[in-house]
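In case you want the letters, here they are:
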Amino acid sequence: MEMVSTVQNTDVKQSLQKVNERLLEKNPAESLLFDVVLIATDSQQQSSRIISSTSHYGLEVGRFCFSSREDLVETLVVNNVQLFLSTDRDEALQVSQKGVLSALLGRQEAPSESLRVMLCGDAIVRPDCDPVPASRGAAQSFSARLGEMRGRFGVSGSPLSIVLVTSSGGSKSCGVALQTLRSRGLSVDEAYCLAGAPRGPILSLLRPHFLLGDGVIDLED
Amino acid sequence: MREEQLRTETEPREELRSNEAERGAYSSAEHHRVTGRRARKVEGGVFFPKPENAVTVAVSSRVLFRTELEQRVFEQKGVEEYLRYQIEHENEPFAPGPAFPFVKALETVNARLRELYPQSEELFDIVLVTYNHAHVGIRLINTINHHNLFIERFCMTGGSSPIGYLKAWQTNLYLSADADKVREALAEGIAAATMFMTEKLTEVSESQLRVAFDGDAVLFSDESERIFKAHGLDKFFQHEQDNEDTLLDHGPLKGFLEALGKLQKKFYAKGQRLDCPIRTYLVTARSAASSGIRALKTLRAWGLEIDEALFLAGAPKGPMLEKIRPHIYFDDQMFHVEGAAEMGTVAAHVPYGVAQKHNQPQKPGARK
């Protein structure tokens, strides 16, 4: 699974790596792994700095790509990227509007044991209200792959945690989201139904590494 | 918002009914009730109060519903089997637990408040806070729907501590079956109490919420209890007399009584004092003639009205509670909690203060 980041978010990469390690422990021939590509849209000058700091942190970044801002989407498509991670809201939105699934990186340092992926249930329940319909298909297939990966591990001690949050709508719609995700093969570990309550305080407790679905939302509400 | 309408669709109830008969855990009147699903629509939007305006009551799944069977599966066979069991039985709603009548009564108060103040967010907001795994989520939501409970907010933390979420929800009261979690909440300044399942349950009012509180170490601090435990009854009386005009310090549930009082005043403002759907009681071992005076003066100084004060002068609390029939009674001493339960009152233990060093539950399995 290709995941691409424009940012040196070492925490997320370490967590992704941890998941790969655990998957390979279970099955050395495992093919469903995270493949991380670091993409730099700044000038070429940055490139050597990025490469050296990546090896400094011991991060196994599979590939480096240097692209310009204008060519970003094409680069992603050409490289068969399933998920694009960014801290830049506009960049992520732009990319998702062209059909490539993107997610915002969690801003706070999240020193957690596992990779915490947060899904926003509102778009799952009411797809007609999805602000970014173009990437909906990509979202569905990604969540199915994620579910497969999650299924390799047991309930406790998993290096990957799936967290569902529904912001508007009551408990019934959260139930629908849970069932929909399950039918796509994705089992959720934690579920929070906010029913209109402010998201900020809950998000700062949840500390996701990144957020999927719901178009692109502000992580600090 | 089409959501509220979804609830009134006919759902496959047949399966639920036959399971109910098997479990025989609650009256058949439950599923014949046809309540108008609360369509809380305000100008087209669904209306959920902001946490800071509402009186937030967080309940765990183990006190809202009966989950003893599932608990046993968890304890005997581990978490994977427990979750498998829950998913298998997803369409079987849980039976009501000890906090259920209390939650229903909160909803009754909400209905009355909405009649009088349709735009107000000063309501009870009931949040399900459980450290259950989200795999149990669908069964819990099915159960909520089955019992026509209006619980729209929840946290299923999948094993991590719910305490942070309690604070984020600005929780006014937390009810759980787990004494450790309750102690954690109290340490964070959140009113909390442990609830236990009882076999005997006396009927409680369906139109009036009744909440009863012990005095020392619940509404008030445990300072007087300390004197009593260290120096005996005479010293206690002397101390109370000497300090009659000194206010007692506040206890962990003072804030909740305050929140109830605020809602009561909303009814009074509309001329509904006699018909108020909230009634509060102080049930204390203090005596009316002596040590009780300090308690009343303290309440008055805090601006808190309590509807009835029952001074037992050390007499057992069970019979008195059986007369007033509260939906919930808060006490810091397990001895009283058990005594109340024996007579069918739902009592909740507040693990606070000096009495905890002397607290030993008399019955095995009482703590859970």
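What counts, and where the lines are drawn
- Residues numbered from 1 in each chain as written.
- Chains lettered and ligands numbered in written order.
- Predicted model: local features only at pLDDT ≥ 70, side-chain atom pairs only at ≥ 80, totals over all residues.
- Heavy atoms only, no water.
- Helix = DSSP H or I, 4+ residues; strand = E, 2+ residues; numbered from the N terminus.
- Buried < 20%, exposed > 50% of the residue type's maximum accessible area, 1.4 Å probe, protein only.
- Contact = heavy atoms within 4.5 Å.
- Areas by Shrake-Rupley, 256 points an atom, 1.4 Å probe, with all protein chains shown as cover.
- Buried area = accessible area lost by both parts, 1.4 Å probe.
- Salt bridge = Lys/Arg side-chain N within 4 Å of Asp/Glu carboxyl O.
- Polar contact = N/O pair within 3.5 Å; in protein donor to acceptor, adjacent residues only side chain to side chain.
- Nonpolar A, V, L, I, M, F, W, Y, C, P; charged D, E, K, R; others polar.
- Pairing = 2+ DSSP bridges.
- Core = buried A, V, L, I, M, F, W, Y, C linked by side-chain atoms within 4.5 Å.
- pLDDT = per-residue confidence, 0-100.

Chain B is annotated in an unreviewed UniProt entry as 5'-nucleotidase, cytosolic IAa from Gasterosteus aculeatus aculeatus.

Going by the annotation in an unreviewed UniProt entry, the name recorded for chain A is Cytosolic 5'-nucleotidase 1A-like, with Gasterosteus aculeatus aculeatus given as the source organism.

Colleague: I tried to follow the overall build of chain A on my own but got confused; where do I start?
Modeller: On a plain count of helices and strands, chain A comes out with 8 helices and 9 strands. For chain A, buried positions account for 55% of its 221 residues. For chain A, the share of sequence-separated contacts (at least 6 apart) that also reach a separation of at least 24 residues comes to 75%. For chain A, the accessible surface area stands at approximately 9200 Å², while carbon and sulfur atoms represent 47% of it.

Colleague: Whenever I open this one, the overall build of chain B confuses me. Can you help?
Modeller: Of regular secondary structure, chain B possesses 16 helices and 14 strands. Considering chain B as a whole, with its 368 residues, one finds that 57% of them fall into the buried category. Within chain B, contacts between residues separated by at least 24 positions form 78% of all contacts whose residues are at least 6 apart in sequence. Total accessible area on chain B stands at roughly 15800 Å², and carbon and sulfur atoms take up 51% of it.

Colleague: Would you mind going over the interface of chain B and chain A with me for this structure?
Modeller: One widely used convention gives an interface's size as the accessible area the parts lose upon coming together. Opposite the 31 residues of chain B that make contact, chain A presents 29 residues. Contact between chain B and chain A buries roughly 2600 Å² in total, counting both sides, with carbon and sulfur atoms accounting for 62%. For the pair chain B and chain A, the interface holds 1 salt bridge. Here chain B is connected to chain A by 11 residue pairs in polar contact (both at pLDDT 80 or more). The residue inventory of the side of chain B that touches chain A, partitioned by class, reads 17 nonpolar, 7 polar and 7 charged. Pairing of strand β8 (residues 190–193) of chain A with strand β7 (residues 153–156) of chain B involves 3 bridges; the strand directions are antiparallel. Paired with Cys 193 of chain A across the bridge in β7 of chain B is Phe 154 of chain B.

Colleague: Even after reading the chapter, I still don't get unusual backbone geometry, so can you show me in this structure?
Modeller: Leaving glycine aside, a negative phi is the common case for residues, and trans is the common case for peptide bonds. A positive phi is found at Ala 195 of chain A, a non-glycine position, where the angle reads about 45 degrees. Mapping Ala 195 of chain A onto the fold places it in the loop between β8 and α8 (199–206). One non-glycine residue with positive phi stands out, namely Arg 325 of chain B, at about 55 degrees. Tracing the sequence through the fold places Arg 325 of chain B in the loop between α15 (318–324) and β13 (328–331).

Colleague: Whenever I open this one, the nonpolar core confuses me. Can you help?
Modeller: Where a protein is soluble and globular, its nonpolar side chains tend to be buried together. With 130 residues, the main nonpolar core has Phe 210 of chain A together with Phe 102, Leu 175, Leu 209, Phe 213, Phe 256 and Phe 330 of chain B as its most contacted residues. Per element, the largest residue contribution to this core is 8 residues, and it comes from helix α7 (residues 100–116) of chain B. Judged by nonpolar contacts, the second largest core, of 13 residues, contains Phe 196, Tyr 281, Met 334 and Ala 340 of chain B.

Colleague: Would you mind showing me how to read the environment of Ser 161 of chain A here?
Modeller: All names here are of chain A. Its place among the elements puts Ser 161 in strand β7 (residues 160–166). Taking the C-alpha atoms as reference, Ser 161 lies 6.4 Å from Ser 114; in sequence the two are 47 residues apart. Excluding residues within four positions of it along the chain, Ser 161 makes contact with Ser 114, Leu 115, Arg 116, Val 117 and Asp 189. Within polar-contact distance, the side chain of Ser 161 engages the side chain of Ser 114 at 3.3 Å.

Colleague: Can you walk me through the confidence of the model for chain A in this structure?
Modeller: The predicted coordinates should not be examined in detail at positions where pLDDT is low. Chain-level pLDDT for chain A is 79 on average; 76% of the residues reach the 70-or-more range. In this model residues 215–221 of chain A is a low-confidence stretch, pLDDT under 50, and it forms 25 contacts with partners more than four residues away in sequence or in other chains.

Colleague: Whenever I open this one, the side chain of Ser 158 of chain A confuses me. Can you help?
Modeller: Residue and element names in this part refer to chain A. In this fold, Ser 158 is placed in the loop between α6 (136–151) and β7. One polar contact links Ser 158 to Arg 150, side chain to side chain, over a distance of 3.4 Å. Looking at Ser 158, its side chain comes within polar contact range of the main-chain oxygen of Leu 160, at 2.7 Å. Setting aside residues no more than four positions away along its own chain, Ser 158 makes contact with Ser 114, Arg 150 and Phe 153.

Colleague: Mind showing me how you'd approach the environment of Val 109 of chain B here?
Modeller: Residues and elements named next belong to chain B. Along the chain, Val 109 turns up in helix α7. A relative accessible area of 0% means that Val 109 is categorised as buried. Along the chain, Val 109 and Ile 278 lie 169 residues apart, while their C-alpha atoms are 7.2 Å from each other. In contact with Val 109, not counting residues within four places along its chain, are Phe 124, Leu 209, Phe 267, Pro 277 and Ile 278.

Colleague: Honestly, the pattern of salt bridges in this entry has me stumped. Any pointers?
Modeller: When their charged atoms lie close together, side chains carrying opposite charge are able to pair. Residues and elements named next belong to chain B. A full pass over the atoms with the stated rule returns 28 salt bridges over all chains. Its salt-bridge partner being Lys 50, residue Glu 121 comes within 3.6 Å of it at the nearest N-O pair. You can see Glu 121 sitting in the loop between α7 and β6 (124–130) and its partner Lys 50 sitting in the loop between β2 (45–46) and β3 (55–59), a full 71 residues away along the chain. Judged by relative accessible area, Glu 121 falls into the buried class, the value being 16%. Judged by its relative accessible area of 40%, Lys 50 is partly exposed. Taking the shortest distance from any N to any O, the salt bridge between Asp 275 and Arg 112 comes out at 3.3 Å. Here Asp 275, found in the loop between α13 (254–269) and β11 (278–284), pairs with Arg 112, found in helix α7; they are 163 residues apart in sequence, far enough to count as distant. A residue is classified by how much of its surface remains accessible, and Arg 112, at 17% relative accessible area, is buried. A single salt-bridge network, built from bridges that share partners, covers Asp 216, Glu 223, Glu 240, Arg 286 and Arg 294.

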